[in-house]
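Listed here are the chains, written in short residue letters.
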Amino acid sequence: MLTRRQFIKVGLGGAFVLAAARFLEGPLAAPANGYRVLDDEAARMLTAVVPAVLAGALPEEAAARARAVRETVEAFDRAVSGLTPSVQEEVAQLFSFLAFAPTRVAFAGLWAPVEESTPEELKTFLARWRSSRFDLQRVSYHALTQLIQASWYGNSASWETIGYPGPPSLEGR
């Protein structure tokens, strides 16, 4: 169990690493065309990570799979845009952290950019973060995967595969 002092040290250390990656990566990019929060690079990274997170849940057919990934990225963007500005900044810092080669290699173990990594490399990276002894990596894993999962399972296209009939009808009330 973490002591309060360890918790503060981890928080400060994580904030410093994220701030350094953000500073070295450059100024904030404008949101990509069609997105509220995500810039082009973050959208590409997320497009690569979604299939690794949702392995087995996405449609098999290529066009349906591509549509599902695109809709999940769009829903992720909408979800993040509804969060507080400080949380939006933390999500942006996470993507900057993964975009900046030294931090990506050191903390994610990905030599290639996220969008160029293989599905197996992405699964290994996610598994490493899920079971990391570092709070920053575990928290980042949970934030990323839970937002992706909520974005997918909030999509009516996913409901049939999990046996969810959809919300109850309000007609007749």
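Cut-offs used in this document
- Residue positions are given per chain, counted from 1 along the sequence in the order it is written.
- Two thresholds apply to this predicted model, a pLDDT of at least 70 for residue-level local features and 80 or more for giving and counting side-chain atom pairs, whereas whole-chain, interface and lining totals are computed over all residues.
- The side-chain numbers reported here are obtained from all heavy atoms of the structure, hydrogens and water having been left aside.
- Interaxial angles span 0 to 180 degrees and are taken between N-to-C directions of axes, which are lines fitted to C-alpha atoms, for helices over the stretch in contact.
- The numbering of helices and of strands both runs from the N terminus, where a helix is a DSSP run of H or I of at least 4 residues and a strand a run of E of at least 2.
- Small angles under 35 degrees read as roughly parallel and large ones over 145 as roughly antiparallel, with 65 to 115 read as roughly perpendicular and the rest as oblique.
- By the convention used here, residues are in contact when the closest approach between their heavy atoms is within 4.5 Å.
- The classification used treats Ala, Val, Leu, Ile, Met, Phe, Trp, Tyr, Cys and Pro as nonpolar, Asp, Glu, Lys and Arg as charged, and all other residues, Gly among them, as polar.
- Think of it in three bands: residues with accessible area under 20% of the maximum for their type are buried, residues over 50% are exposed, and the middle band is partly exposed, with areas taken using a 1.4 Å probe on protein chains only.
- As used here, the arc belongs to the directions running from the helix axis to the C-beta atoms.
- For this analysis, a salt bridge means a side-chain nitrogen from Lys or Arg found within 4 Å of a carboxyl oxygen belonging to Asp or Glu.
- Think of it this way: a Phe, Tyr or Trp ring, Trp meaning its six-membered ring, pairs with another when their centres are within 6.5 Å, and the plane angle makes it stacked under 30 degrees, edge-to-face over 60, tilted otherwise.

Examining the packing of helix 4 (residues 85-99) against helix 5 (residues 101-108)
Part 1 of the reasoning: The N-to-C vectors of helix 4 and helix 5 enclose an angle of 90°; their axes lie 5 Å apart at closest approach. Classified by the angle their axes make, helix 4 and helix 5 are roughly perpendicular. Residue-level inspection shows Phe 97, Leu 98 and Ala 99 of helix 4 in contact with helix 5, the latter providing Ala 101, Thr 103, Arg 104, Phe 107 and Ala 108.
Part 2 of the reasoning: Residue composition of the contact of helix 4 with helix 5, by class: six nonpolar, one polar and one charged.

Topic: helix 5
Part 1 of the reasoning: All buried positions along helix 5 are accounted for by Thr 103, Arg 104 and Ala 108. Projection of helix 5 onto a plane perpendicular to its axis shows the buried side chains occupying an angular sector of 100°, all on one side.
Part 2 of the reasoning: Looking one or two residues past helix 5, Gly 109 carries a phi angle of roughly 70°, positive in sign.

Things to note about the pattern of salt bridges
Part 1 of the reasoning: Here the structure, examined in full by the defined rule, presents three salt bridges.
Part 2 of the reasoning: For Arg 70, the salt bridge goes to Glu 74, with nearest N and O atoms at 3.8 Å. A residue pair is termed a helical-turn pair when its members lie 3 or 4 positions apart in one helix, as Arg 70 and Glu 74 do in helix 3 (residues 62-81) at four residues.
Part 3 of the reasoning: Residue Arg 70 is classed as partly exposed on the basis of its relative accessible area of 42%.
Part 4 of the reasoning: In this structure Glu 74 comes out as partly exposed when scored by relative accessible area, which is 31%.
Part 5 of the reasoning: Notably, a salt bridge pairs Arg 138 with Asp 135, separated by 2.2 Å at the nearest N-O pair.

So, the packing of aromatic side chains
Part 1 of the reasoning: Tallied over the entire structure, the rule returns six aromatic pairs.
Part 2 of the reasoning: Centre to centre, the rings of Phe 97 and Trp 129 are 6.1 Å apart; their planes meet at 50°, and the pair counts as tilted. With a gap of 32 residues between them, Phe 97 in helix 4 and Trp 129 in helix 6 (residues 119-130) connect regions that are remote in the sequence. Note on accessibility: Phe 97 and Trp 129 belong to one class, buried.
Part 3 of the reasoning: Arranged with centres 4.9 Å apart and planes meeting at 70°, the rings of Phe 125 and Trp 129 form a pair that is edge-to-face. Of this pair, Phe 125 and Trp 129 both sit in helix 6, separated by four residues, roughly a single helical turn. In this pair, the class of Phe 125 matches that of Trp 129, namely buried.
Part 4 of the reasoning: Feature note: the residues Phe 97, Phe 107, Phe 125 and Trp 129 constitute an aromatic cluster, connected by ring pairs.

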